[in-house]
Amino acid sequence: MGDPVADYTSRLQQQELEIHSLTAELESLKNPQGLGLSSHLDGLREENAKLKYRLNVLKRSLQEERSQCSKTMMNINQRLQEIFGEAIREACPDLENPPLAVTPNQQAKFGDYQCNSAMAMAQMMKSKGLKVNPREIAENIQKNIPDNELIEKTEIAGPGFINVHLKRSFVSKLLTNLLLNGVQPPPLESKKKVVVDFSSPNIAKEMHVGHLRSTIIGDSMCRLFEFLGYDVLRLNHVGDWGTQFGMLIAHLQDKFPNYLTVSPPIGDLQAFYKESKKRFDEEEDFKKRAYQCVVKLQSKDPAFIKGWNLICDVSRNEFQKVYNCLDIQIIERGESFYQEKMTAVVKEFEAKGLVEMDEGRKIVFAPGQQIPLTVVKSDGGYTYDTSDLAALRHRLFDEKADIIIYVTDSGQGTHFQVVFAAAQMIGWYDPNVTRVEHAGFGVVLGEDKKKFKTRSGDTVRLMDLLDEGLKRSMEKLKEKDRDKVLSTEDLTKAQRSVAFGCIKYADLSHNRINDYVFSFDKMLDDRGNTAAYLLYAFTRIRSIARLANIDEAALRKAAETTELLLEHDKEWKLGKCLLRFPEILQKILDDLLLHTLCDYLYELATTFTEFYDSCYCIEKDRQTGEVVKVNMWRMLLCDATAAIMAKGFDILGINPVSRM
């Protein structure tokens, strides 16, 4: 048996292709004289009528398929854009690339969605010397809206806004589909390969808050791409090569001379690094020996490779502690991986005449860029520029990536801009085909609005930060007396969920491009747009069915047999909010701004609260407290809300618990 969803999607695509073909054929038949077929005009008219009949049959068939609801979630905004796109083409066939603007309506009294294209179309026509009233354009668009499964009615307001009212019965069907099949991603046109470069700490150095941002943001982007069905490669481009390893190995030889046979007990690698750096700066003999160690390491001397591996392993163990806390899955592929590939990259640029000499350096100027890339230093060594070019080339040609995302601080934006421009100049990729993007982020500030540091001015150790989060979250749980009602195991789960969830959400809920203030007090506040509020809200929603003694099997059966009535305004508002989830994910896919999902989850939680306060899900006897009536369709709305919130949490990398 084949995959029914894949078969369904394939049939839709074939039908849409045929509709497009038939439409083009109809257009060509409008001018038979131009085809030299005037003597066969009657025959052409007959063929034209047949084509129109077949076209209408196909459109009805496509509409019926859609109305049956596939297992995947429909992107309502995208579907409305298809409908209005067709209406606009019919209304103004001579207008090339007309603007298409469909957005959710901000005020319920004006409908559910709004098409705002008429005003922009009027401006386009005005620039061509045609003066047309935008309201007339809106009326013409309205007349040409094709039959569809989604729209109940449209109304024209103001200068030319087209307000759209959705069919409640169809929205109800979509919600039932969500309950029966779970939160499924929209259909994927093609399964693309995505490489996300994130986290990227340096060996022998502590991970700091900058790495925290990269790790959290990069992981969430990966989770989004994975949920949508892409093939994702999560890469940790660690700094594990370079001259600093000469001084580290030289110091290792002095401090642990038997390191080749006995594993050295390096407890604090940061202190070890500082010791070696101090010697490198102050002792000339040590400095010379450090440079000799670099040469030995680069020539792959086994003893020096072993020392290098020992230092890398100590760092990896420290990094992994952070990754375990934050539930991060990532594949290490450090700078050392690309060492052999850098020579080939330089030769390729040289072979195409793109390398210039500058005071002994080999540099590359990319079009439109004021700063060159240094691909070979005057001493013959390679640079970060060379390493990043080699990494990009490997991801394009060996990994065959369709999308490559670099998640680093915004300060590296110019560097990546030059690297991408050089890669395009040499013909490695076409930006119209392959998406290569730097997703930059701002710095983390302390509550004094200065760069986040310890009181002594040192960089904040990431593990210290996470440990402090655990301590604060336990205090918060005890404030709410959760330690008196939860088992030790459940309390620990809640502690980790709140601590790490709040740290992640505080980062992700801010526009990543901006700096943000790190404050445990704010992130642990259970009021407002915080993980603490959302986690408690989620727990309350999940508890509603438990309080009514309704298990998952009963909810499942109800979803199969109960129509979701959306007659109350708050039911309708919640139902529409739930179904906007695919639209939100599509927007993040386009701009990689994850705070949009946080804002949506907060809106969903507050919309649910409005619904729950106005619509009785469970009615109890006022004296005995016993449940006397369950409004099952409202219980199903509770279940759907919990399902969407859980998937949203999963994409953000937050792990909710059933009891808090």
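Everything that follows concerns the structure shown earlier in this document.
These remarks concern the structure in this document. A quick note: this is a predicted structure, and the numbers were derived from the prediction, not measured.

1. Describing the overall build of the protein
Working step 1: Check the secondary structure of the protein and you find 23 helices and 16 strands.
Working step 2: Scored against the burial criterion, the 660 residues of the protein give a buried share of 49%.
Working step 3: Sequence-distant contacts in the protein: of pairs separated by 6 or more residues, those separated by 24 or more amount to 74%.
Working step 4: Only carbon and sulfur atoms are counted for the fraction: they give 48% of the accessible area of the protein, which is about 32600 Å².

2. Considering the sheet that holds strand E9 (residues 361-364)
Working step 1: Spatially, E8-E9-E10 is the arrangement adopted by the 3 strands of the open sheet, whose pairing is antiparallel. Where the open sheet ends on each side, the last strands, each with one partner, are strand E8 (356-358) and strand E10 (373-376). Sheet twist, expressed as the mean angle between neighbouring strand axes with direction ignored, is 45°.

3. Some details on the packing of aromatic side chains
Working step 1: For the structure shown, the criterion picks out 15 aromatic pairs.
Working step 2: Judged by centre distance (5.0 Å) and plane angle (80°), the ring pair of Phe337 and Tyr338 falls under edge-to-face.
Working step 3: By relative accessible area, Phe337 is classed as partly exposed at 35%.
Working step 4: Linked through ring pairs, Tyr406, Phe416 and Phe420 together constitute an aromatic cluster.
Working step 5: One cation-aromatic arrangement involves Arg333 over Phe337; the distance from NZ or CZ to the ring centre is 4.9 Å.

4. Notes on helix H19 (residues 552-561)
Working step 1: All of the buried residues in H19 are Leu555, Ala558 and Ala559. Buried positions in H19, seen along its axis, are confined to an arc of 100° and lie on one side of it. Exposed positions of H19 whose direction lies more than 90 degrees from the buried face are Ala553, Lys557 and Thr561.
Working step 2: On its buried face, H19 is in contact with helix H6 (168-181), helix H18 (531-547) and helix H23 (632-652).

5. Re the pattern of salt bridges
Working step 1: Across all of its chains, the model carries 43 salt bridges by this definition.
Working step 2: One salt bridge connects Glu275 with Lys255, and the closest N-O pair in it is separated by 2.9 Å. Separated by 20 residues along the polypeptide, Glu275 in helix H9 (residues 269-282) and Lys255 in helix H8 (residues 244-255) bring together distant segments of the chain.
Working step 3: Each member of the salt-bridge network shares a partner with another, and the members are Asp219, Arg223, Glu226, Arg234, Asp327, Lys647 and Asp650.

6. Side note on the packing of H9 against helix H10 (residues 284-298)
Working step 1: At a closest axis distance of 6 Å, the pairing of H9 and H10 adopts a crossing angle of 110°. Relative to H10, the element H9 is oriented roughly perpendicular. Read as a crossing pair, H9 and H10 show a hand that is left-handed. Contact with H9, carried on its side by Ser276, Arg279, Phe280 and Glu282, involves Glu284, Phe286, Lys287, Arg289, Ala290 and Tyr291 of H10 and no other residues of that element.

7. Concerning the sheet that holds strand E11 (residues 403-406)
Working step 1: Spatial ordering of the open sheet is given by E7-E6-E5-E11-E12, a layout of 5 strands whose pairing is parallel. The sheet is open, and its two borders are formed by strand E7 (331-332) and strand E12 (435-438), each paired with just one other strand.
Working step 2: Pairing between strand E5 (residues 193-197) and E11: 4 bridges, direction parallel. For Asp197, the partnering residue across the bridge sits in E11 and is Tyr406.
Working step 3: Docked against the sheet, helix H7 (residues 209-227) engages E5, strand E6 (231-236) and E11, running at close to 165° with respect to E6.

Analysis parameters
- Residue numbers here run from 1 along each chain, matching the order of that chain's written sequence.
- Confidence filtering applies because this is a predicted model: local features only for residues at pLDDT of at least 70, side-chain atom pairs given and counted only at 80 or more, and all residues used for totals across whole chains, interfaces and linings.
- Where side-chain values are given, they derive from all heavy atoms of the structure, hydrogens and water being excluded.
- For the purposes of this entry, the term helix denotes a DSSP run of H or I that reaches at least four residues, the term strand denotes a run of E that reaches at least two, and both are numbered from the N terminus.
- In this scheme, a residue with accessible area under 20% of its type's maximum is buried, one over 50% is exposed, and one in between is partly exposed, where area comes from a 1.4 Å probe on protein chains only.
- It only takes one pair of heavy atoms within 4.5 Å for two residues to be counted as in contact.
- Per-residue and other accessible areas were derived by the Shrake-Rupley procedure at a 1.4 Å probe size, with only the shown protein chains allowed to occlude residues.
- When DSSP finds at least two bridges between two strands, those strands are taken to pair.
- Where helices are involved, their axes are fitted lines through C-alpha atoms of the stretch in contact, as for all axes, and angles between N-to-C directions lie from 0 to 180°.
- Any two of the Phe, Tyr and Trp rings considered here, Trp counted by its six-membered ring, make a pair once their centres fall within 6.5 Å; the pair's planes then place it as stacked at under 30 degrees, edge-to-face at over 60, or tilted in between.
- Should the NZ of a Lys or the CZ of an Arg lie within 6 Å of a ring centre and within 35 degrees of the ring normal, that charge is described as sitting over the ring.
- When we speak of the arc, we mean the arc of directions from the helix axis to the C-beta atoms.
- What counts as a salt bridge is simple: a side-chain nitrogen of Lys or Arg found within 4 Å of a carboxyl oxygen of Asp or Glu.
- Here is the rule for angles: anything less than 35 degrees is roughly parallel, anything more than 145 is roughly antiparallel, 65 through 115 is roughly perpendicular, and the remaining ranges are oblique.
- Helix crossings fall into two classes, left-handed where the near helix is turned counterclockwise from the far one by less than a right angle and right-handed where it is turned clockwise.

It is worth stressing that arrangement in space is one thing and function is another; only the former is reported here.
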